[in-house]
Amino acid sequence: MTTPINPNAVEGAGSILSTVAGPSDANPPSSLGVSNPVADRLLDKIPSEQELAADRPYNATKASEYGEASRTPTEGEHFKPSTHAATGSTASEIIANDKVGDGNPPKGENPTVDPLDRVRVDPAKRVLTTNQGIPVADNQNSLKAGLRGPTLLEDFILREKIMHFDHERIPERVVHARGSAAHGYFEAYDNFSNLTRAIPFSKKGKRTPVFVRFSTVAGERGSTDTARDVRGFAVKFYTEEGNWDLVGNNIPVFFIQDPMKFPDLVHAAKPEPHHAMPQAATAHDTFWDFASLSPEIAHMLMWVMSDRAIPRSYRTMQGFGVHTFRLVNAQGESRFVKFHWTPKQGTHSLVWDEAVRISGADPDFHRRDLWESIEAGNFPEYELGLQIFTEEQAASFPFDILDATKIVPEELVPLTPVGKLVLDRNPDNFFAETEQVAFCTSHVVPGIDFTNDPLLQGRNFSYQDTQLTRLGGPNFHEIPINSPIVQIQNNQRDGFHRQAINRGRVNYEPNSLGGGCPFQAGKMGFTSFPERMPSEDKVRGKPELFAEHYGQARLFWQSQTPAEQNHIVNAFRFELTRVQTPAVRQRMLALLANINETLVSRVAEGLGLEVPAPLPRASEAPVPAYPDSPALSILSRPGETGIKGRRVALLVGNGVDGKSVGKLYASLLKAGAVPRLVGNMLGKVASVDGDKLDIEISVEAGPSVMYDGVIVPDGAASAEALGRNALVIEFLREQYRHGKPILVYGAGSTLLSKAMLPQALPDGAADPGQILGDPANLEAALDGFATALAGHRVYARETDPPAV
């Protein structure tokens, strides 16, 4: 890490990069440490906003609302901002793509009231499409299992057409209600048309606009970001052949195998219906009652009780398509595929105590982190990797690739990197974009197709259907965030909230009065892969391999590091401790007994129970034995972007070494971190040389859990003043307890003693996360701190129960 030439130029930059708190009164910085177009605009935007607000010290028109003066309407006060950026929603609005526009936001205009020509639609010379802009190859026939076979549920073109018709005369988010989103793009690494005709993969360097929504599953819109839960990772690709929605999660498997059980799962996980508690939590009887009677959930429970269910941020969270899909190329050749998103920042999580405390300190923790990172020009990036395999390979696996409770281990089928996802623009309006965006697994483009995964087939119906109620009717595709970037041309006209004004008298096909338009696309349109269907009876049931529930749960457990295993045990202990019904606890222990003897023994000990006999298995076939999969441990995914975006607190009080604070602050900024000066309360503190420093946030408004690491600079008087505040002492103790790096210089070390922090790890080894720096050589210690900060956490400090 190198120090910028002028550390004074960046004083207060952390407050520009943050969305909470700031100095009492300070001049704005002239640099944010690193220059990029969005950060430069942010540097212009925030001071201009503050100047604009200061232009109106009081409401001068208020007096005109009363008495005789009120008889004559008064023109409202208005002020001209010094820059157009001041009145924008985001600094990232200057980013352009085919979906969001040219990066030149309107000035004093409302284009939604432009002449109606902007929404007039004419189908002349256009092919027939779905409402997602996907060309329709055949508008005469539904998809069947053979020419005389039953119509298939997966025919999304038929379902959209019929459901639109069904709701044209009928008035009128249960899960994933809590979400945050961003615009961006997907860029292909190469031409992968040998694998798929899907246009995002058609050319090296090709960029496709995207809108990505992250979410929690169980909680309501106002619930906390850091609940233990599955996270949604949904990507809408705005392609030249219509919209493709890759509706994924941050966990690659699911709780159930058949869509018939989805309402039961959600009902069980939601607050209990008699008293509506608890919110956004599974630590209650109904969920664990359902789980203990549904052994297919075993693998998913291992993931949800692991650190995967409490990610550090959306920027450090993997994503998965969950199901097995098909890739189909222009020659009609098909391969199976699983989709993986891997964050460039690394895969990192919170610890449970930290997650709970964040819920109280900042329930918008993940939303704020995503917004602040993009506004600073520190764009989150993810790599898309594909697991590609043939039907012959799939037949050799010891599991069924149509079973959504199973993964394909990366050691069995390695990932093929095909492109990167970059999120570079925040939404302008949360409701219009983040809340109204509609994702549906059935929104696919030519080159992407479904498999017979029953859960996927059910989601294909459910996701489309739920939008009809949630967004007011069958025209939800006309909401701007949902509309494709290509022409929509079909014969659907009516229904609630219709926006398009269609010319002409024709709303059917075939027709002659409209010149046959819009006409079906033929082979250039979407065609389903002609999978050969076996001749079998109609039946309600599951394939035999679906009955194996424990092999991959064992695989996940044995692939975790000891620290991660400890967290899984503690999570089960916490959740089952909150269960009131003894029989449910016993049943869950019996299920865990089929996974691992150490796991069930430790959980049982934590509950004060004996280990019961294993739950009877649904199949007598041997449980497959898998070799360890290091890829399943988050510690195997440290990332490659260092300390970018990491939040660092510098604890300062009167008498601090101000010069070293300035150098440390500037160095952190230049490395991409976000430093904040944290003190007892807002105001100015006098450094040892008499200069004044502006506190950016108080320790009560910005507690320990808001930061990834802490620095205590030199200064005896500062350490003395800070040491008298119990909140500061608790700040340091929490930083230690949560495994975060701590850097102290000179007299700052007295605070560690006051906090009674052990200088060594529980096993006696040196603590790599506690760094004592020489005030005369700031950079050497700061480099070590940066290394520890990039590593995220010192898990070796942990004891059960906590010693600090």
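Structure: see above.
Rules behind the numbers
- Residues numbered from 1 in each chain as written.
- Predicted model: local features only at pLDDT ≥ 70, side-chain atom pairs only at ≥ 80, totals over all residues.
- Heavy atoms only, no water.
- Helix = DSSP H or I, 4+ residues; strand = E, 2+ residues; numbered from the N terminus.
- Rg over C-alpha atoms; globule rule 2.2 N^0.38 Å.
- Areas by Shrake-Rupley, 256 points an atom, 1.4 Å probe, with all protein chains shown as cover.
- Buried < 20%, exposed > 50% of the residue type's maximum accessible area, 1.4 Å probe, protein only.
- Polar contact = N/O pair within 3.5 Å; in protein donor to acceptor, adjacent residues only side chain to side chain.
- Contact = heavy atoms within 4.5 Å.
- Core = buried A, V, L, I, M, F, W, Y, C linked by side-chain atoms within 4.5 Å.
- Axes fitted to C-alpha atoms, helices over the stretch in contact; angles between N-to-C directions.
- Parallel < 35°, antiparallel > 145°, perpendicular 65-115°, else oblique.
- Left-handed = near helix turned anticlockwise from the far one by under 90°.
- Nonpolar A, V, L, I, M, F, W, Y, C, P; charged D, E, K, R; others polar.
- Pairing = 2+ DSSP bridges.

**Regarding the overall build of the protein**
- In terms of regular secondary structure, the protein is built from 20 helices and 20 strands.
- Taking 28 Å as the expected radius of gyration for a compact globule of 804 residues, we find that the protein reaches 29 Å, a close match to that expectation.
- For the protein, the spread of C-alpha atoms along the three principal axes comes to 90 × 80 × 55 Å.
- For the protein, the exposed area adds up to about 33,900 Å²; of that, 54% sits on carbon and sulfur atoms.

**With respect to the side chain of Lys-740**
- Its place among the elements puts Lys-740 in the loop between α18 (726-737) and β19 (742-745).
- With a relative accessible area of 2%, Lys-740 lands in the buried category.
- A polar side-chain atom of Lys-740 sits 2.6 Å from a polar atom in the side chain of Glu-354.
- Of the polar contacts made by the side chain of Lys-740, one reaches the backbone oxygen of Tyr-707; its length is 2.7 Å.
- Here Lys-740 is in contact with Glu-354, Ser-704, Val-705, Tyr-707, Asp-708, Gln-735, Gly-769, Arg-793 and Arg-797, once residues within four sequence places are set aside.

**Considerations on the nonpolar core**
- Counting residues in hydrophobic clusters, the biggest one holds 63 residues, and the most contacted among them are Phe-255, Trp-288, Phe-572 and Leu-599.
- Elements supplying a minimum of two residues to this core: α4 (262-269), α5 (285-292), α6 (298-304), α12 (551-558), α13 (562-577), α14 (582-592) and α15 (597-607).
- In contact with Phe-572, other than residues within four places in its own chain, are Trp-288, Leu-301, Met-302, Met-305, Met-588, Leu-592, Leu-599 and Val-603.

**Remarks on the packing of α13 against α14**
- α14 packs onto α13 with a crossing angle of 160 degrees between their chain directions and a minimal axis gap of 11 Å. One way to sum up the angle between α13 and α14 is to call them roughly antiparallel. You can see that α13 and α14 cross each other, and the crossing is right-handed. Across from Phe-572, Leu-576 and Thr-577 in α13, the residues of α14 making contact are Arg-585, Met-588 and Leu-592.
- Looking at the contact of α13 with α14 residue by residue, the classes come out as four nonpolar, one polar and one charged.

**With respect to α12**
- Most of α12 is tucked away, with six of its eight residues classed as buried.
- By the burial criterion, the buried members of α12 are Gly-551, Gln-552, Ala-553, Leu-555, Phe-556 and Trp-557.
- Among the structural elements, α6, α13 and α15 are those in contact with the buried residues of α12.

**Structural notes on the pairing of strand β8 (residues 334-343)**
- Of all 10 residues in β8, eight are buried, a share of seventy percent or more.
- Relative to β8, strand β6 (residues 319-320) runs antiparallel, the two sharing two bridges. Bridging across to β8, Gly-319 finds its partner in Trp-341.
- By the bridge criterion, four bridges tie strand β7 (residues 325-328) to β8 in an arrangement that is antiparallel. When the bridges of β8 are listed, Arg-326 appears paired with Phe-336.
- The loop that links β7 with its antiparallel partner β8 comprises five residues; one of these, Gly-332, has a positive phi angle of about 85 degrees.
- Of the strand pairs in this sheet, β8 and strand β9 (residues 381-389) are connected by eight bridges, and their pairing is antiparallel.

**Some words on the packing of helix α16 (residues 658-670) against helix α20 (residues 778-790)**
- Two numbers describe how α16 lies on α20: the axes approach to 11 Å, and their chain directions differ by 40 degrees. Of the possible angle classes, the one that applies to α16 and α20 is oblique. For the pair α16 and α20, the sense of crossing is right-handed. Contacts between α16 and α20 involve Ser-660, Lys-663, Leu-664, Ser-667 and Leu-668 from the former and Leu-778, Glu-779 and Leu-782 from the latter.
- In terms of residue class, the contact of α16 with α20 is made up of four nonpolar, two polar and two charged.

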